[in-house]
Amino acid sequence: MLSRRKATANISRGLCLSNPALTQPLTSQLLALLRACGSTKCVLQIYAQMLVNAIDKSNFILLKLIDLRHLDLASRFFHQIEHPNSYAFNVMIRGLTTTWERFDLAVRLYYQMRELGVKPDNFTYPFVFKSCASLSALEHGRVAHSGVFRGGFEGDGHVSNSLITMYSSCGMLGDARKMFDEISVRDLVSWNSIISGCSKLGFAEEAVCLFWEMGEAGFRPDEMTLVSVLRACGELGDLRFGEWIRKFVDENEMELKFNTYIGSALIHMYSKCGDLTSARRTFDEMEKKDVVLWNAMITGYAQNGASDEAISLFCEMRRTSVEPSGITLIGALSSCASIGALELGQWIETYASRKGLLRDVYVATALIDMYAKCGSLSEALRIFEQMSQKSEASWNAMISAFAFHGKVMEALSLFERMLNDRHHIPPDDITLVAVLSACVHAGLVDEGLRLYHLMTSSFGLVPKIEHHSCIVDLLARAGRIYEAWDFVEQMPEKPDAVVLGALLGACQKMKVTEISERVTELLIGMEPSNSGNYVISSKMYAKEKRWKESASMWMLMRRRGVVKTPGCSWIEIDGKLEEFRAGDALGFETLKVFLLLNEEMRAQGYIPKVDRHLGEL
C-alpha cells in the first residue's frame, strides 16, 4: 500500500495511463489511498483521477464521504450519479439514518428508489424501518412492510427485528408482537426488540414475562435486555426483582462501575421503587459519571419529592466537568418549583439561554412552571410568549399558572386562545383540570358545568376523578352542598380523598352537619392515618357546641395513634434554603433568620406581628 504522502504526490502529477494492464494496479492504489484519506479535498482529488482514467468507483467515493460525515457533499455527489444502483441507495439511506439522523430524508430517498425502479433489498429495509420508528411514521412503515412481502424478505431476521422496533415505536404493540410470534428462528435481537417495546409502552408485566421466556429459550440477557427489564421493574415497583438483576450483573462481572447504561437503569429502577438510598449508593459506586447518570439521580430525587437533595446534587454537578443537559435542567427546575428556590431557577434560565436550551420546549415549559410556583407570574408569561413552538404541556402550564394565581379571566382567555391557535393543539385532561380549577376559584358555576359537559361532546375526553373533584368543589363553594353530594353519589367511580376533602371543607364552612358526618365516615375509612380529617370534623362539631362529638374525634385519633402533621415552610436567603417546622425549638440559626426578616420587613414599611418573647429580643 502506498503511503498517503507518496500516493498524493502521484495524484498531483496526474496519472493518466493508457495501458490496460496498468489500470488495475492504479485502481488498487486509488482505493487504498481513498481508505486512508482523511479529508473531503483528498477524496475529490482521488475522484478526479478516477474520472480521468475512466475508473467507475462512485459507490466507494460515496461511502467515504459518508464516513467523513459531510452531508451536503455526499448528497450532491449521490444525486450526480447517473444510474445509482441498490448499493448506492442503501449506503445513502444508511448514512442519512445512522450518521446524520435525517430520518425524513431517508424515507424520502426510499420512495425515490422505488420510483426509479431500483428494488429495495434486505439491506434497505432495516434502515427505512429505523427512520419510520424515529419519526413515528406508521403509515410509511406499513408501506415499506408491504414491500417486504412483495420482495420476499419476511424471513430475514434483520428485517423482522427492525419491524418489531418500528411497530413498537409507533405504539402498535399488537403488530410488534405478531411480528415476533411469526419469527421462526429468534435471536437475542428479536427478544430485546419486543421486551424493549413492551417496557417503553408501559406493558411492564408483559416485558418481565418475556424476559423469563427468553431465559427458558436458552438466551443469556445482555446490556440492552437488562436496561429494558429494569425499566419494567421500576414501573411495577418490583424492588425484589430489581435486586435480582443487580445480583445478576455483579455475578456475571458486567463491570457496573463502568457501564453507565445499566447504572442509570438501576438508579431509575430504585428511584421508581422509592429506594433513594440504594439509588444514591449505585450512583456513588460509578467511577465514570456521565450526564446520563447525573440526570438519572437528579430526576430520581425530584420525582420522589426530595427537592433539597436534587438541588444539592445539581450544584455538585456544576462543579464537575459534565455539562447539564435539558433533562438535567428539567429535574432541577422541578425541584426549584417545589420549594420556591427562585434564585437558582433564574440562574438555570440564564444558563439555558447561553447554551441554546431555551429552544427545548420541555425546558421552557419547566421554566414556566417554576416561575409560576415561585410567585413570578409575569416571568412565567414572558417565557411562554417567547416560545416559538408551544406544546400541549406549555399551554397547560401557563393556564394552570393563571388559575393558581387567581387570574381566572386570563386563564379562560388563554384556554380560548389555545382552542383557536393555528397549530390546533387539542386540550387534554390536564387542560380541563386547569380551567375547571379557575372556575372554582372565581365561583363560575355555570361556566364550569358548561366546560365539564363539553369534555365529552366537543373534546372527546372522558371525565376523570380530578374533573369530578373540581365540580364537587365548585358546587360546594357555591353553597350547593346537597347538589354536590348528589354529584358524588352519581359518580361512575368511587370518590377519592381529594373529592371528599373538598366537600368536607365546604360542609364545615356552610355548617351542613348531615352531609359532613357522611363524608367524614367515608374519609376516615379511606384514610385512617390522615390527621386532617379528624381535625376538620372536630372543629366543625366544636363550632356547633357539640363538645362530646368534638372530643370523640380527638380520642379516636389518639386511640389509632394518629399524630397531627406539623406545618412546614421554606425560605431562600443568599441562595441557601432554610426550613422551618411548627413546634421546632427556637435555635440560634432560626433567630438569626427571624431577625433578618424582621429588619427587612421594617425597612419596607411593614410592622411584623411577633410573639411577646421575640419582641423583647
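Predicted, not measured: the structure shown is a model, and the values here were computed from it.

(A) Region of the structure containing the overall build of the chain. When you go through the chain residue by residue, the secondary structure sums to 35 helices and two strands. Expressed as a percentage of contacts within the chain between residues at least 6 apart in sequence, the contacts between residues at least 24 apart total 60%. By element, 53% of the accessible surface of the chain is carried by carbon and sulfur atoms, the whole surface being about 32500 Å².

(B) Up close: the environment of Val499. The residue Val499 is located in helix H30 (residues 497-510) in this model. Between the alpha carbons of Val499 and Ile471 there is a distance of 8.9 Å; along the sequence they are 28 residues apart. The residues contacting Val499, other than those within four sequence positions of it, are Ile465, His468, Ser469, Val472, Val488 and Met491.

(C) Examining the packing of helix H29 (residues 481-490) against helix H31 (residues 513-526) more closely. In the contact formed by H29 and H31, the axes pass within 10 Å of each other and the chain directions differ by 35°. Read as a crossing pair, H29 and H31 show a hand that is left-handed. Where H29 abuts H31, its residues Ile481, Tyr482 and Trp485 lie against Glu514, Ile515, Arg518, Val519 and Leu522.

(D) The arrangement of the packing of helix H32 (residues 531-543) against helix H33 (residues 547-559) in detail. One way to put it is that H32 packs onto H33 with a least axis distance of 7 Å and a crossing angle of 165°. Judged on the interaxial angle alone, H33 and H32 are roughly antiparallel. H33 is crossed by H32, and the crossing has left-handed handedness. Every residue of H33 that contacts H32 at Ser531, Tyr534, Val535, Ser537, Ser538, Tyr541 and Ala542 is listed here: Trp547, Glu549, Ser550, Met553, Trp554, Leu556 and Met557. Here the contact of H32 with H33 is built from residues that sort into nine nonpolar, four polar and one charged.

(E) Examining the nonpolar core more closely. Residues Leu62, Met92, Met166, Ile194, Met398 and Leu503 are the most contacted members of the largest nonpolar core, which totals 175 residues. The biggest single contributor to this core is helix H22 (residues 361-373), with nine residues. Of all hydrophobic cores here, the second largest spans eight residues; its members include Tyr534, Met553, Met557 and Val562.

(F) Region of interest: the state of the cysteines. Within the structure shown, the criterion is met by zero disulfides. Cys132 provides the cysteine sulfur closest to Cys170, a residue in no disulfide bond, and the two sulfurs are 7.2 Å apart. Exposure remark for Cys170: the relative accessible area of 16% places this residue in the buried category.

(G) Summary view of the pattern of salt bridges. In the structure shown here, the tally under the stated rule is 25 salt bridges. With its nearest N and O atoms 3.5 Å apart, the salt bridge here joins Arg102 to Asp104. The network of salt bridges with shared partners includes Arg177, Asp181, Arg186 and Glu206.

(H) Representation of the packing of aromatic side chains. Scanning all chains against the criterion turns up 21 aromatic pairs. Consider the rings of Tyr47 and Phe77, whose centres lie 4.9 Å apart with planes at 75°: the pair is edge-to-face. One end of the pair, Tyr47, is in helix H3 (residues 40-52); the other, Phe77, is in helix H5 (residues 71-80), and 30 residues separate them in sequence. Judged by relative accessible area, Tyr47 falls into the partly exposed class, the value being 21%. Judged by its relative accessible area of 7%, Phe77 is buried. Where Phe384 meets Trp395, the ring centres are 5.2 Å apart and the plane angle is 75°; that geometry is what we call edge-to-face. Of this pair, Phe384 sits in helix H23 (residues 377-386) while Trp395 sits in helix H24 (residues 392-404), and the two are eleven residues apart along the sequence. Like Phe384, the residue Trp395 is buried in the burial classification. Among the aromatic side chains, those forming a connected cluster through ring pairs are Tyr110, Tyr111, Tyr125, Phe129 and Phe153. Between the NZ or CZ atom of Arg186 and the centre of the ring of Trp191, over which it lies, the distance is 5.6 Å. The lysine or arginine in question, Lys289, covers the ring of Phe283, its NZ or CZ lying 5.2 Å from the ring centre.

Conventions we followed
Residues numbered from 1 in each chain as written. Predicted model: local features only at pLDDT ≥ 70, side-chain atom pairs only at ≥ 80, totals over all residues. Heavy atoms only, no water. Helix = DSSP H or I, 4+ residues; strand = E, 2+ residues; numbered from the N terminus. Contact = heavy atoms within 4.5 Å. Areas by Shrake-Rupley, 256 points an atom, 1.4 Å probe, with all protein chains shown as cover. Axes fitted to C-alpha atoms, helices over the stretch in contact; angles between N-to-C directions. Left-handed = near helix turned anticlockwise from the far one by under 90°. Parallel < 35°, antiparallel > 145°, perpendicular 65-115°, else oblique. Nonpolar A, V, L, I, M, F, W, Y, C, P; charged D, E, K, R; others polar. Core = buried A, V, L, I, M, F, W, Y, C linked by side-chain atoms within 4.5 Å. Buried < 20%, exposed > 50% of the residue type's maximum accessible area, 1.4 Å probe, protein only. Disulfide = S-S within 2.5 Å. Salt bridge = Lys/Arg side-chain N within 4 Å of Asp/Glu carboxyl O. Phe/Tyr/Trp six-rings, centres within 6.5 Å; stacked < 30°, edge-to-face > 60°. Lys NZ or Arg CZ within 6 Å of the ring centre and 35° of its normal.

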